[in-house]
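# Breakdown of the fold
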Amino acid sequence: MTTVYDIYSFIEDLAPYRLQEGYDNSGLNVGEMSAEVRSVLVALDCTAEVAREACQRDFDLVLTHHPVIFRGLKTLVPNDPAVILAAGGKNALSMHTNFDSAEGGMNDVLCKMLGLKSESALHEEHGVGCGYVCECDGMNVRELAQRAKDVLGCRVVRFSGGEREIRRVGVCSGSGGSFLDDAAEKGCQALLTGDVKHDVFIDGENMGVSVIDAGHFYTENIFCEFIANELKNKFSDLRVEIAVSNRDIVEVI
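The written sequence of each chain sets the order in which its residues are numbered from 1. Only residues with pLDDT of at least 70 get local features here, since the model is predicted, and only at 80 or more are side-chain atom pairs given and counted; chain-wide, interface and lining totals rely on the full set of residues. Note that water and hydrogens are dropped before the side-chain values are worked out from all heavy atoms of the structure.

## Observations regarding the overall build of the chain
- The helix and strand labels rest on DSSP assignments: H or I over at least four residues marks a helix, E over at least two residues marks a strand, and numbering proceeds from the N terminus. Along its length, the chain carries ten helices and eleven strands.
- The size measure is the radius of gyration over C-alpha atoms, and the globule rule it meets is 2.2 Å times the number of residues to the 0.38 power. Radius of gyration (C-alpha) of the chain: 19 Å, near the 18 Å computed for a compact globule of 253 residues.
- Seen through its C-alpha atoms, the chain measures out along the principal axes to roughly 55 × 40 × 30 Å.
- Within the chain, counting contacts between residues at least 6 apart in sequence, those at least 24 apart form 67% of the total.
- The Shrake-Rupley method, run with a 1.4 Å probe sphere, supplies the accessible areas, and residue values consider only the shown protein chains as cover. Counting only carbon and sulfur atoms, one obtains 48% of the accessible surface of the chain, whose full area is about 11,900 Å².
- Under the convention used here, Asp and Glu are negative, Lys and Arg are positive, and both His and the chain ends fall outside the count. By convention, the point assigned to a charge is CZ for Arg, NZ for Lys, CD for Glu and CG for Asp. Charge centroids of the chain, computed over 23 positive and 40 negative side chains, lie 3 Å from each other. In this description, contact between two residues means that some pair of their heavy atoms is separated by no more than 4.5 Å.

Structure follows, in structure tokens:
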């Protein structure tokens, strides 16, 4: 019998929970470690739609990148994903910043998909690295932005300084605009990440560092296929699927 704890231990080996940031809430968010797991539904985020899918399609465990409970809950309401899962007797695990920082984790997968060779950590805090500085010869910013759009399936990619030639690029999945200074200090001509604010684009322009915003969802949705395959290889008896309702809820026109 496979339990939630067995999945938790598998994650611990892959991306140790000690790597998660202090603000994070990775690990068990709903349910109990001793619960039996016969099926796992994978998603980047556990929206109410994903939680209902888990209940309707009878998945025992929801495994997400972003925690189901990130900030403290002061009120329990029927449409809260954690409440939906608990009411349905389901379990939820997350592997957030521990997977971002783990060797072979999110940023390794991202760099590999982009065809970039990592050299060193982009940012380090408390001895834990996040993101990479990568070699990137023979292309300009516009070409790298187009590559990101193609391989990640982005609907929109924002970028600055499109004709700038790149020799080194900082790469950080999710929201890495705060690492612009790190990229500049490490000789990068560009920073590729998501969730970039206007002032980061301006600061980058003033520093001579182009910024590529491929979106939080698209730079991290790569988690789903990766972890689903890892689970299938480790637990051959489990039914593992990526949620049909796993999608970018943001629309563009």
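## Observations regarding the nonpolar core
- We call a set of buried residues a nonpolar core when its members are Ala, Val, Leu, Ile, Met, Phe, Trp, Tyr or Cys and they connect through side-chain atoms within 4.5 Å of each other. The rule is simple: take the accessible area with a 1.4 Å probe, protein chains only, and divide by the maximum for that residue type; under 20% is buried, over 50% is exposed, in between is partly exposed. Grouped together as the largest cluster of nonpolar side chains are 54 residues, with contacts concentrated most on Val-40, Val-42, Leu-63, Val-169, Phe-223 and Leu-231.
- Of all the elements, helix H10 (residues 222-234) adds the most residues to this core, at seven residues.
- In contact with Leu-231, not counting residues within four places along its chain, are Ile-7, Phe-10, Val-40, Val-42, Leu-63 and Val-240.

## Brief notes about unusual backbone geometry
- Of note in the backbone geometry, His-126 takes a positive phi value of approximately 55° without being a glycine.
- Tracing the backbone through its elements, the reader meets His-126 in the loop between strand E5 (117-125) and strand E6 (128-140).
- In the Ramachandran plot, Asp-195 falls in the positive-phi region, its phi being about 55° despite a non-glycine side chain.
- Within the secondary structure layout, Asp-195 lies in the loop between strand E9 (190-193) and helix H8 (198-207).

## Describing the sheet that holds strand E1 (residues 27-30)
- At least two DSSP bridges between two strands are required for those strands to pair. If you walk across this open sheet you meet the five strands as E1-E4-E3-E2-E11, and the pairing is mixed. Taken across any chain shown, the strands that pair with only one partner, and hence form the sheet edges, are E1 and strand E11 (239-242). Adjacent strand axes in the sheet meet at a mean angle of 25°, parallel and antiparallel pairs treated alike.
- Running at roughly 165° to strand E2 (residues 39-43), helix H2 (residues 48-56) makes contact with E2 and strand E3 (61-64) of the sheet. Each axis is a line fitted through C-alpha atoms, taken for helices only over the stretch in contact, and angles between the N-to-C directions span 0 to 180 degrees.

## Structural notes on the layout of surface pockets
- For each structure, a 1 Å grid was placed over the protein atoms alone; sets of points admitting a 1.4 Å probe that cannot get out are labelled cavities, open sets with protein on both sides within 12 Å along at least five of seven lines are labelled pockets, and lining residues have an atom within 4 Å of a point. Grid points are joined across faces, edges and corners, and a volume is the space filled by probe spheres set on the points. Empty space within the largest pocket amounts to approximately 510 Å³.
- What lines the largest pocket is a set of 23 residues, among which His-216, Phe-217, Tyr-218, Asp-248 and Val-250 lie closest to the centre.
- Put simply, the second largest pocket is a space of about 330 Å³.
- Considering the residues around the second largest pocket, the lining is formed by 22 residues, among which Tyr-23, Thr-97, Asp-100, Cys-130 and Ser-175 are closest to the centre.
- At the level of secondary structure, the elements contributing two or more residues to the lining of the second largest pocket comprise helix H4 (97-101), E5, E6 and helix H9 (216-220).
- Considering only residue class, the lining of the second largest pocket consists of five nonpolar, twelve polar and five charged. Residues are grouped as follows: nonpolar covers Ala, Val, Leu, Ile, Met, Phe, Trp, Tyr, Cys and Pro; charged covers Asp, Glu, Lys and Arg; every other residue, Gly included, is treated as polar.

## Concerning the pairing of strand E4 (residues 91-94)
- Residue alternation in E4 divides its side chains into two sets, Asn-91 and Leu-93 and Ala-92 and Ser-94, and both sets are buried.
- Pairing between E1 and E4: three bridges, direction antiparallel. Within E4, the position partnered with Val-30 by the bridge is Ala-92.

## Some thoughts on the packing of aromatic side chains
- Aromatic pairing here means that ring centres of Phe, Tyr or Trp (its six-membered ring) are within 6.5 Å. Orientation follows from the plane angle: under 30 degrees is stacked, over 60 is edge-to-face, and everything else is tilted. Using the criterion set out here, one finds seven aromatic pairs in the structure.
- Summarising the aromatic geometry, the rings of Tyr-8 and Tyr-17 are spaced 4.6 Å apart at their centres and angled 15° between planes, so their arrangement reads as stacked.
- Measuring from centroid to centroid gives 5.8 Å for Phe-10 and Phe-235, while their planes differ by 80°, and the two rings are edge-to-face. Remark: Phe-235 occurs in the loop between H10 and E11 and Phe-10 occurs in helix H1 (residues 4-14); sequence separation between them is 225 residues.
- Taking relative accessible area as the criterion, Phe-235 reaches 9% and is therefore assigned buried.
- In textbook terms, an aromatic cluster arises when at least three aromatic residues are bridged by ring pairs, as seen for Tyr-5, Tyr-8 and Tyr-17.
- Above the plane of the ring of Phe-59 lies Arg-239, whose end atom (NZ or CZ) is 3.9 Å from the centre. For a ring to carry a charge above it, either NZ of a lysine or CZ of an arginine must fall within 6 Å of the ring centroid while also lying within 35 degrees of the normal to the ring plane.

## Examining the side chain of Ser-245
- Along the chain, Ser-245 falls in the segment after E11.
- Throughout this description, a polar contact denotes any pair of N or O atoms lying within 3.5 Å of each other; where both atoms belong to protein, one of them has to be capable of donating a hydrogen while the other can accept it, and for residues adjacent in sequence the pair is counted only when both atoms sit in side chains. A distance of 2.5 Å separates polar atoms of two side chains, one belonging to Ser-245 and the other to Glu-53.
- In contact with Ser-245, not counting residues within four places along its chain, are Glu-49, Val-50 and Glu-53.

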